[in-house]
Amino acid sequence: MSLTVTFPHYQDLIALKWQLDHYVGFPTEILKCLHFFIVDDGSKDFVSVYQLVSHYIPFLSIRLFQIMQDIPFNMPLANNIVIRFATTQHILRTDIDHVIPLKTIKYVLKELNTMNMKTYGVFSRKSLEEGTYIQPHMNTHVINKELYKLMRGYDEAYSGHYGHDDSDFLWRLQASGVTSLSLPPAYYIWQRRKIGRAHV
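The rules we used
Residues numbered from 1 in each chain as written. Predicted model: local features only at pLDDT ≥ 70, side-chain atom pairs only at ≥ 80, totals over all residues. Heavy atoms only, no water. Pairing = 2+ DSSP bridges. Helix = DSSP H or I, 4+ residues; strand = E, 2+ residues; numbered from the N terminus. Axes fitted to C-alpha atoms, helices over the stretch in contact; angles between N-to-C directions. Contact = heavy atoms within 4.5 Å. Phe/Tyr/Trp six-rings, centres within 6.5 Å; stacked < 30°, edge-to-face > 60°. Buried < 20%, exposed > 50% of the residue type's maximum accessible area, 1.4 Å probe, protein only. Core = buried A, V, L, I, M, F, W, Y, C linked by side-chain atoms within 4.5 Å. 1 Å grid on protein atoms, 1.4 Å probe; cavity = no way out; pocket = protein on both sides within 12 Å on 5 of 7 lines; lining within 4 Å. Points joined across faces, edges and corners; volume = space filled by probe spheres on them. Lys, Arg positive; Asp, Glu negative; His and termini not counted. Salt bridge = Lys/Arg side-chain N within 4 Å of Asp/Glu carboxyl O. Polar contact = N/O pair within 3.5 Å; in protein donor to acceptor, adjacent residues only side chain to side chain.

*Asks:* Can you lay out the sheet that holds strand β7 (residues 125-127) for me, pointing to particular residues and giving the numbers?
*Replies:* In spatial order, the strands read β5-β11-β7-β8; together these 4 strands make up an open sheet with mixed pairing. At either end of the open sheet lies a strand with only one pairing partner, and these are β5 (98-99) and β8 (133-134).

Structure follows, in structure tokens:
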């Protein structure tokens, strides 16, 4: 089974490097199943983003997509781009300040068939700094690409405004009879709240 892991990027090279450094250490047999799709959401110096990502191309299967126009909070478009161009049947989407531990990736790959047209997977979440469980993350889930398309993706009318695009999408999923499958708490995601920031 193959899985696309995706997160948006906007003017934060430190967080982007942290993400890529995390995954490049995974075993080869796991990396063969993973495809990384990064959407740069209008960073002013895209060349720096491209140069950083290029260092990892020999080790990771990466697609880098550039949104040319800098629109604030343009996550709906970034998410829809991934679903349109991803080559795998399942997508694991998250934010740039979250990473997926190796054991969680292994579990997801094993259970991908349970994420079908009626079910999407959600995760418990831990603070990387404190090591404690915190509130689950609405933006992180595993979904079947065809289910995403059936829901017509994220509503891009939310672009330019903070929030509610993710809750709108999940509400439409649930209103259509799709249920969330909570992965066992042992298979959580990490959030790193204090990454620092390197503007580009």
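Continuing now.
*Asks:* Tell me what's going on with the sheet that holds strand β2 (residues 34-40), and back it up with residues and numbers.
*Replies:* Strand pairing in a sheet relies on backbone hydrogen bonds, with the paired strands running either antiparallel or parallel. Judged by pairing direction, the sheet is mixed, and its 7 strands sit side by side in the order β3-β2-β1-β4-β9-β6-β10 without closing on themselves. In the strand order of this sheet, the two ends are held by β3 (62-66) and β10 (179-182), each with one partner. With strand direction ignored, the average angle separating the axes of adjacent strands in the sheet is 25 degrees. Both strand β6 (residues 119-122) and β10 contribute to a ladder of 4 bridges, which runs parallel. By the bridge assignment, threonine 119 is partnered in β10 with threonine 179. Running over the sheet, helix α3 (residues 46-54) touches β1 (3-9), β2 and β3 and is turned about 180 degrees from β3. The strands touched by helix α7 (residues 165-175) are β6 and β9 (141-144); relative to β9, the strand with the most contacts, the crossing angle is about 50 degrees.

*Asks:* Report on the packing of aromatic side chains, specifying residues and quantitative values.
*Replies:* One pass over the structure, following the stated rule, counts 9 aromatic pairs. Taken together, a centroid distance of 5.4 Å and an interplanar angle of 80 degrees make the contact between tyrosine 23 and phenylalanine 26 edge-to-face. A relative accessible area of 0% places tyrosine 23 in the buried class. Here phenylalanine 26 falls in the buried class, since its relative accessible area comes to 8%. Ring geometry for tyrosine 133 against tyrosine 188: centres 6.1 Å apart, planes inclined by 90 degrees, an arrangement best described as edge-to-face. Of this pair, tyrosine 133 sits in strand β8 while tyrosine 188 is found in the loop between β10 and β11 (189-191), placing the two residues 55 residues apart along the sequence.

*Asks:* Quick one: what's the story with the nonpolar core, residue by residue and with numbers?
*Replies:* Grouped together as the largest cluster of nonpolar side chains are 37 residues, with contacts concentrated most on Leu3, Leu16, Leu34 and Ile105. Breaking this core down by element, the ones donating at least two residues are β1, α1 (13-24), α2 (28-31), β2, α3, α5 (102-111) and β11. Once residues within four sequence positions are removed from consideration, leucine 34 is found in contact with Leu3, Val5, Phe26, Ser61, Ile105 and Leu109. Residues Ala78, Ile81, Tyr120 and Leu147 belong to the second largest nonpolar core, which totals 20 residues.

*Asks:* Describe empty space enclosed by the protein, and please don't skip the residues or the numbers.
*Replies:* This model, assessed by the stated rule, comprises 1 cavity of 30 Å³ or more. Approximately 40 Å³ is the volume attributed to the largest cavity. Every residue lining the largest cavity is listed: Thr6, Phe7, Pro8, Val39, Ala78, Asn79, Val82, Arg93 and Thr94. Of all the secondary-structure elements, those providing two or more residues to the lining of the largest cavity are β1 and α4 (75-85).

*Asks:* Account for unusual backbone geometry, naming residues and giving values.
*Replies:* The phi torsion at glutamine 11 lies on the positive side, around 55 degrees, for a residue other than glycine. As for its placement among the helices and strands, glutamine 11 is situated in the loop between β1 and α1.

*Asks:* Give me the side chain of arginine 125: which residues, what numbers.
*Replies:* Summarising the element assignment, arginine 125 is placed in strand β7. Aspartate 97 provides the closest opposite charge to the buried, unpaired arginine 125, separated from it by 6.2 Å. At 3.0 Å, the side chain of arginine 125 and the side chain of histidine 98 are in polar contact. A polar atom in the side chain of arginine 125 sits 2.7 Å from the backbone oxygen of glutamine 135. Those residues in contact with arginine 125 that sit more than four places away from it in its chain are His98, Thr132, Tyr133, Ile134, Gln135, Pro136, His137, Tyr188, Ile189 and Gln191.

Honestly, that's just the spatial picture; any functional story needs more than this.
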